[in-house]
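Descriptive analysis of the structure
If you want the building blocks of each chain, they are given just below.
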Amino acid sequence: MNPSSTSSTREREETGLPMVPEAAEPVEEHKTSTSAVFTIRDLSVYYGGNIALKDVSLDIRPREITAIIGPSGCGKSTFIRCLNRMNDLIPGATVTGEVLYHGQNIYAPDVDPVAVRRRIGMVFQRPNPFPKSVYDNIAFGPRINGFKGNLDELVENSLRAAALWEEVKDKLKKSALNLSGGQQQRLCIARAIAVEPDVILMDEPASALDPIATVRIEDLMQELKKQYAIIIVTHNMQQAARVSERTAFLYTEVDEETSNRWGILVEHGETGLIFTRPKDKRTEDYVSGRFG
Amino acid sequence: MQSQAKPLGDIAGGIAPVPIENRKGVGRRADSLFSVVAALSGSLVLLILAFMVLSTTNTALPIFRAEGISFVTSSDWHPANGDYGILAFIYGTLVTSAIALVIAVPISLGIAIYLVEVAPRWIKGPITYLVDLLAAVPSVVYGLWGVFVLLPLFLQPAAELLSSVLGFIPIFAGPPSGLSYFGAGVVLAVMIVPIISALSREIIQTVPDDDRYAAYALGATRWEMIRGAVLPRGRAGIVGAVMLGLGRALGETIAVALLVGSATTINTSVVRPGYSMAAVIANQFQEASGDHIKALVAVGVVLFAITIIVNIGARLIVWRMAD
Amino acid sequence: MNLEINSSRPSARRLWTNRVATAGMAVAVALALIPVGLILYYITKNGLAAMSWGFLTEPTPFTFRRPGGGFLNGLIGTAIMVALATAASVPLGILAAIYLEEYGKRGWLAQLVRFFSDVMTGVPSVFVGLFVYTAFVLPFGFGAIMGAGALAIIMLPIVIRSAEEMLKLVPLELKHASFALGASKSQTVLRVVLPSALPGITTGVLLAVARAAGETAPLILTALGSLKVTTALIGEPISALPLLIFDGARNPFAAGQERAWAGALELLALVLIFTLLARIVAARSKISR
Ligand SMILES: Nc1ncnc2c1ncn2[C@@H]1O[C@H](COP(=O)(O)OP(=O)(O)O)[C@@H](O)[C@H]1O
Ligand SMILES: [Mg+2]
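Definitions and limits used
- Throughout, a residue's number is its position along its own chain's written sequence, starting from 1.
- By the order in which they are written, chains take letters starting at A while ligands take numbers starting at 1.
- Confidence filtering applies because this is a predicted model: local features only for residues at pLDDT of at least 70, side-chain atom pairs given and counted only at 80 or more, and all residues used for totals across whole chains, interfaces and linings.
- Computation of side-chain values covers all heavy atoms of the structure but excludes hydrogens and water.
- Starting at the N terminus, helices and strands are each numbered in turn, a helix being any DSSP run of H or I of at least four residues and a strand any DSSP run of E of at least two.
- Computation of the radius of gyration draws on C-alpha atoms alone. For the globule rule, the value is 2.2 Å times the number of residues to the power 0.38.
- For the exposure calls, accessible area comes from a 1.4 Å probe over protein chains only, and a residue counts as buried if that area is under 20% of its type's maximum, exposed if over 50%, partly exposed in between.
- Note on definitions: a residue-residue contact is assigned when non-hydrogen atoms from the two residues lie within 4.5 Å.
- A 1.4 Å probe defines the accessible area here, and the buried area is the portion of it lost by two parts on being joined, summed over both.
- Here, a salt bridge means any side-chain nitrogen of Lys or Arg that lies within 4 Å of a carboxyl oxygen of Asp or Glu.
- As used in this structure description, the phrase polar contact means that two N or O atoms lie within 3.5 Å; if the pair is within protein, one of them must be able to donate a hydrogen and the other to accept it, and residues adjacent in sequence are counted only when both atoms belong to side chains.
- Any two strands are treated as partners once DSSP identifies two or more bridges connecting them.
- Consider the strands pointing away from the viewer: the crossover is right-handed when the path from the first strand over the helix to the second runs clockwise.
- Proximity criterion: a residue is near a molecule or strand once any of its heavy atoms comes within 4 Å of it.
- Surface accessibility follows the Shrake-Rupley procedure with a 1.4 Å probe radius. Residue values consider only the protein chains on display as shielding.
- Residues are grouped as follows: nonpolar covers Ala, Val, Leu, Ile, Met, Phe, Trp, Tyr, Cys and Pro; charged covers Asp, Glu, Lys and Arg; every other residue, Gly included, is treated as polar.
- Note on terminology: disulfide denotes any pair of cysteine sulfur atoms within 2.5 Å.
- Think of a 1 Å grid over just the protein atoms. A cavity is a set of points where a 1.4 Å probe fits yet cannot get out, a pocket is an open set with protein on both sides within 12 Å along at least five of seven lines, and lining residues have an atom within 4 Å of a point.
- Grid points are joined across faces, edges and corners, and a volume is the space filled by probe spheres set on the points.
- By convention, a stacked pair of Phe, Tyr or Trp rings (six-membered ring in the case of Trp) has centres within 6.5 Å and planes under 30 degrees apart, an edge-to-face pair has planes over 60 apart, and any other such pair is tilted.
- To qualify as a nonpolar core, a set must consist of buried Ala, Val, Leu, Ile, Met, Phe, Trp, Tyr and Cys residues joined through side-chain atoms within 4.5 Å.
- An automatic or database domain assignment provides the domain bounds reported here.

All right, on to the overall build of chain B then. Within chain B, the secondary structure is distributed over 11 helices and two strands. Secondary structure elements of chain B, listed N to C terminal, follow the sequence α-α-β-β-α-α-α-α-α-α-α-α-α. Its C-alpha atoms give chain B a radius of gyration of 28 Å, clearly above 20 Å, the size a compact globule of 323 residues would have. Across its three principal directions, the C-alpha atoms of chain B cover 105 × 65 × 35 Å. Per-residue burial over chain B gives 55% buried out of 323 residues. For chain B, contacts bridging at least 24 residues in sequence account for 71% of all contacts bridging at least 6.

Encoded structure:
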């Protein structure tokens, strides 16, 4: 499934617990930065001075699905929004640490967040098509990015890639708001694909959909991961187990004195291992509590 | 598997990833240019207002200088002699507006309460639509209608009735005229009813149902519920709505110009002719020249000052409500 | 069985108060509806009686006494001035609203602009006319541009505040969708936010147009009025429907008054068409949401 990813990286990640100390080693950093899509080091997020996510370090590999799981409010959305600098849009949000995208720190002062988002697609919890036609929804990204090629072809390819073409090919000029919820979400995926990113971030993409639509989205993800790295936030552990190669478990830590709470990365690794042989007691409780 | 060669999709295949390239300067500059243009457009409102005050005051300055305080304390208005005292106009503006409020406030509140609390669903739409229609009618149409329809049909008989029944009170003393403070006030009332009732309706709608249920649960009748729960909650907002209606009445020009009777002296009786600040500007401007025009501008400055105070007061009340 | 409940029934006095209050409200509604009926009835009746093809296509005769003629000069003047005022105030108003909602937000400048836009809607229109007179008519003379300027100032705050309300209704998710596709702020505002809010903004604009078309007082001081049909934008006075109606209402001759009624019908029809269009656009956009 992922033949060209280096075995050394895989071994290191499987044995490693949260990798904060390792990150300091320059050799490691060099290795991960060449093969990983994202190398995240000591990532913390504050909302108006209150910490919401603390010291997350994690690598994301290409052509894999990484699931982010954890209880509600533990910072899953906060985390995934860091990866395309969507947190910049939240007044009062500050991000510290490093997010290296193919070795390039997207939080470096000279990096333009708009340029970052052109490379890293995102699909949201609730389908959010523009109140425009199906065609114009898909064409939006290419147009604003000054796409010069054959737009019709690009729209068709994107819709095909999102397994939506057959359903909408006769209503490309109709409003996207007339589509069903599941279709709208696939439209949003197609829209993200149309700007040719190499990562797609998905924040609970199926939580507003019915089970049948959910299955279609999951099938689609299996197709898409042949080309893209996918990071999916989900509160549904069956879903994480079904779709992902790797899983990261976030959890809320509470300071008893101040009753401040923030999210931490408890552990991450191959999905099978996280669900069957978690290393951390909290992961085990969470995973078994939900499954049992 | 790697059939679709994409610059970004083939990292694992060993092709170096394309680094994130910042937008060219144009994109960023377009962004900040746009925000500057938008901010300037916003600030335009402030500039216009400031310019309005400066330009008019500047033109009126010789009159203010020459007349001093007597400009607003004297009611001698004789442009031919260079006498410019506008007390009669200030008085007329206040009296016509007061009459309008006396008539319009109870009616507007009645409508607002009826529409929110009492009216069956099907009738709300038509009534709202018809009352809103009043707001759409241009004031010159009100004026024409007032002079040729309402004056013979209602204003003149009503003025006569008022002075024959209540004529012993100075403010209703005759000889009665429909073209009077009273006539202008009635038409003004018709004009501000849609304003006050629409705003009050919005405010009454924001009173939470829980408050209503609480009053009903204590055994209140509907009216007791309205008086005990709805009106106290909405009081500040309703005061704001009334003041906005007042602001409109104070500045209304054409309808008053046609109905107030155009007498440049103060009349204690509301059924006698008078004048208002806005009306004197509209009626005398075309025949005026020289200092007379400057004096009319000065009237406008005083009118502006009065309406702006009322308006700011109203907005502050409404804004405090909203926060 | 029901004894206890009946014994706690409101007293007769309280029930009567309730009834009287309800009746009072019904009277209030009736009192407001009577003028609506009277206005529509008389404007239609007297207006239709004086209305003719000639009224719509001929200018006003030079003496009020003379029957015939029409308000073509006013219709053209109103069309020119309202069109110019719309062209000036709508883009500026929408930009200002974008500033308030997308950039200034709750900052001090935005709050100031918001507050004074509200205050500006309450400035008497005759004062706006005086301002344009002192600032522009004194140096440059009466004309269509001057009247349009006054109308634009009257329309501007209405457009700003209604457009801002509509921009506010655009869901945050749409903006996020746009940003996530790599759109810049200005691209997001111009290509996503504005088109989504456009039906609502159109409603506000149509209402502002209706308001401007009916304004009289500011035009007395800026356009002055003319019996001639003219399309000159500057340099000579120009007429408007409300100005001609005002003149007709002030003069003692039957012919002039008849023309005023026909003019009132014409003006009211125009204003109501714009008001109706505004409602239709508003209703449509609700359905599509
Ligand atoms: N825009 C925001 N402003 C302030 N606090 C926020 C914001 N978004 C999220 N938070 C806080 O950050 C924490 C994590 O939220 P979130 O990332 O949405 O969690 P999850 O997606 O795992 O449910 C929560 O305590 C939440 O209240
Ligand atoms: Mg979330």
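Turning next to the interface of chain C and chain A. A common measure of how large an interface is: the accessible area buried when the components associate. Taken residue by residue, the interface counts 17 residues in chain C and 23 residues in chain A. In total, about 1,700 Å² of surface goes out of reach between chain C and chain A, with carbon and sulfur atoms giving 67% of it. Considering only the surface of chain C that becomes buried against chain A, C:A180, C:L181 and C:R191 emerge as the three largest contributors, covering 36% of it. At the junction of chain C with chain A, the criterion picks out one salt bridge. Inspection of the region where chain C meets chain A yields five residue pairs in polar contact (both at pLDDT 80 or more). Elements represented by at least two residues in the side of chain C that touches chain A include exactly helix 8 (172-180) and helix 9 (185-213) of chain C. With seven residues, helix 8 of chain C is the largest single contributor of residues to the side of chain C that touches chain A.

Turning next to the interface of chain C and chain B. Taken residue by residue, the interface counts 84 residues in chain C and 82 residues in chain B. Note on chain C versus chain B: buried area summed over both sides is about 7,200 Å², and carbon and sulfur give 80% of it. Among the residues of chain C in contact with chain B, C:M25, C:F115 and C:F127 are the three that bury the most area, contributing 9% of the side total. Linking chain C to chain B there are two salt bridges. For C:R279, the salt bridge is made with B:D132, and the minimal N-O distance between the two is 3.3 Å. Run the count over chain C and chain B and you get 15 residue pairs in polar contact (both at pLDDT 80 or more).

Let's shift gears to unusual backbone geometry. B:G174 connects to B:P175 through a cis peptide bond whose omega is -5°. Structurally, B:P175 can be placed in the loop between helix 5 (139-166) and helix 6 (181-205). A positive phi angle is found at A:D55, which is not glycine, with a value near 50°. Structurally, A:D55 is set in strand 2 (residues 50-60).

Here is the key point about a regular strand: its side chains alternate between the two faces of the sheet. Residues and elements named next belong to chain A. Counting buried positions over the five residues of strand 8 (residues 229-233) gives five, a clear majority of the element. Burial of strand 8 is two-sided: the residues A229, I231 and V233 facing one way and the residues I230 and I232 facing the other way are all buried. Here strand 7 (residues 199-203) pairs with strand 8 via five bridges, running parallel. If you follow L201 over to strand 8, its bridge partner there is I231. Since strand 7 and strand 8 lie parallel, the crossover through helix 10 (residues 211-224) that links them has a hand, and here it is right-handed.

Let's shift gears to the pattern of salt bridges. Residues and elements named next belong to chain A. A complete count under the given rule lists 30 salt bridges over all chains for this structure. Across the pair D280 and R282 runs a salt bridge whose closest N-O atoms are separated by 3.1 Å. Look at R282 and you get partly exposed, because its relative accessible area is 31%. Ionic pairing is found between K281 and D285, a salt bridge with its closest N-O pair at 3.0 Å. Here D285 and K281 lie together in helix 13 (residues 281-291), a separation of four residues that amounts to about one turn. Residue K281 is classed as exposed on the basis of its relative accessible area of 54%. By relative accessible area, D285 is classed as partly exposed at 40%. Taken together, the shared-partner salt bridges in this structure form one network comprising E156, R160, E166 and K169.

All names here are of chain A. Close to ligand 1 lie Y47, A52, P71, S72, G73, C74, G75, K76, S77, T78, R81 and I90. One of the backbone nitrogen or oxygen atoms of C74 is found 3.3 Å away from an oxygen atom of ligand 1. S77 places a side-chain nitrogen or oxygen 2.7 Å from an oxygen atom of ligand 1. When ligand 1 sits alone it has 560 Å² of accessible area, and the protein chains cover 59% of it. Looking at which element gives the most residues to the shell around ligand 1, the answer is helix 4 (residues 76-82), with four residues. Looking at the shell around ligand 1, its residues break down into five nonpolar, five polar and two charged.

So, about the state of the cysteines. Within the structure shown, the criterion is met by zero disulfides over all chains. This cysteine, A:C74, is not joined by any disulfide, and A:C82 carries the nearest cysteine sulfur, 13 Å off.

A word on empty space enclosed by the protein. One way to see where empty space is left: roll a probe the size of a water molecule over the atoms. Counted according to the given criterion, the structure contains seven cavities of 30 Å³ or more. Considered as a void within the structure, the largest cavity measures approximately 70 Å³ in volume. Taken together, B:M52, C:M120, C:T121, C:V123, C:S125, C:V128, C:I153, C:I154 and C:R211 form the lining of the largest cavity. Partitioning the lining of the largest cavity into residue classes produces six nonpolar, two polar and one charged.

Residue and element names in this part refer to chain A. For strand 2, the tally of buried residues reaches eight of 11 residues, placing the bulk of the element in the interior. Taken together, the seven bridges between strand 1 (residues 38-47) and strand 2 define a ladder with antiparallel strand orientation. Paired with Y47 across the bridge in strand 2 is N50.

The next subject is the packing of aromatic side chains. Scanning the entire structure with this criterion turns up 22 aromatic pairs over all chains. Ring centres of B:F285 and C:F142 lie 6.3 Å apart, and the angle between their planes is 85°; on these two criteria the pair is classed as edge-to-face. On the criterion of chain membership, the pair formed by B:F285 in the loop between helix 10 (277-284) and helix 11 (291-322) and C:F142 in the loop between helix 6 (125-140) and helix 7 (144-168) is interchain, its members lying in two chains. Judged on exposure class, the residue B:F285 and its partner C:F142 are both buried. Look at C:F115 and C:F116: their rings are 5.4 Å apart centre to centre, the planes differ by 85°, and that puts the pair in the edge-to-face class. With a relative accessible area of 11%, C:F115 lands in the buried category.

Here B:A214 is to be found in helix 7 (residues 209-217). Linking B:A214 and B:A229, residues 15 residues apart in sequence, is a C-alpha distance of 8.4 Å.

To continue, consider the nonpolar core. Of all hydrophobic cores here, the largest spans 203 residues; its most connected members are B:M52, B:W77, B:I111, B:Y114, B:Y142 and C:M81. Per-element accounting of this core gives the leading share, 17 residues, to helix 3 (residues 87-118) of chain B. If you count residues domain by domain, this core takes at least three from each of domain 1 (11-50) and domain 2 (55-288) of chain C. Beyond its immediate sequence surroundings of up to four residues, B:W77 is in contact with B:D83, B:Y84, B:G85, B:I86, B:F89, B:T264, B:V280, B:Q284, B:H292, B:A295, B:L296 and B:V299. The next biggest cluster of nonpolar side chains, apart from the first, holds 47 residues, and it includes A:V123, A:A192, A:I193 and A:L209.

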